[in-house]
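# A look at the structure
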Amino acid sequence: MIAVVSSTIKPPVKPGKSVSRYSFEDRLEQTRLTLTRLKEHGFTDIFLADNSPGLDQRELESLLKGFQNMKAYHISQYQFENKGINELLMLLYLTEVIPADQEIFKISGRYYPIDGFQKPEFEDFAVKGYNYQARKGTISTRA
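Residues numbered from 1 in each chain as written. Predicted model: local features only at pLDDT ≥ 70, side-chain atom pairs only at ≥ 80, totals over all residues. Heavy atoms only, no water.

Glancing now at the pattern of salt bridges. Oppositely charged side chains are able to pair whenever their charged atoms sit close together. Summed over the entire model, instances satisfying the criterion amount to 5 salt bridges. Here D115 makes a salt bridge to R37, at a shortest N to O gap of 2.8 Å. Remark: R37 occurs in helix 1 (residues 24-40) and D115 occurs in the loop between strand 4 (104-108) and strand 5 (128-130); sequence separation between them is 78 residues. Several salt bridges converge on common partners, so that one network encompasses R37, E40 and D115. (Salt bridge = Lys/Arg side-chain N within 4 Å of Asp/Glu carboxyl O. Helix = DSSP H or I, 4+ residues; strand = E, 2+ residues; numbered from the N terminus.)

This is the structure we're talking about:
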């Protein structure tokens, strides 16, 4: 099973407005913890997509040096106010580089599996619908 991690380690800084309550250093440590915990829980192939406007590919790889079997991709993109659009664009990019026909566990870069976490069985884990057939129905992809 592949682990896909989406992140913005270094979010854009807007004058007079804090985009995140976490510092760059905090976010970097949170992402490192995510990668460490995924490895501890048996994920051997990890793909990280990051869209930080303050980083480039070389810097991203340098920051995450030492994580074997992890491929990091810096994706330069417009930063939409809606973070969901940003994440979808990163995931769309990754569809071009991840192996086909393999199960994927997707997690955000500041979250991590807790003790006792078990890799999900594909048939047990997908999406949860909330009145999906209704006009204003929605889904959640959260574990």
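That covers the picture; the talk isn't over yet.
Right, let's talk about helix 3 (residues 83-94) for a bit. Because the α-helix completes a turn every 3.6 residues, residues three or four places apart line up on one side. Taking 1.5 Å of rise per residue, the 12 residues of helix 3 would be expected to cover 16 Å, and the 17 Å separating its terminal C-alpha atoms lies within 8% of that figure. Listing the buried residues of helix 3 in full gives N86, M90 and L94. Angularly, the buried residues of helix 3 cover 80 degrees about the axis, an arc narrow enough to put them on a single face. Exposed residues pointing more than 90 degrees away from the buried face of helix 3 are listed as L88 and L92. If you follow the buried residues of helix 3, they end up packed against strand 1 (2-7), strand 2 (45-50) and strand 3 (70-74). (Expected span 1.5 Å × (residues − 1). Buried < 20%, exposed > 50% of the residue type's maximum accessible area, 1.4 Å probe, protein only. Arc of directions from axis to C-beta. Contact = heavy atoms within 4.5 Å.)

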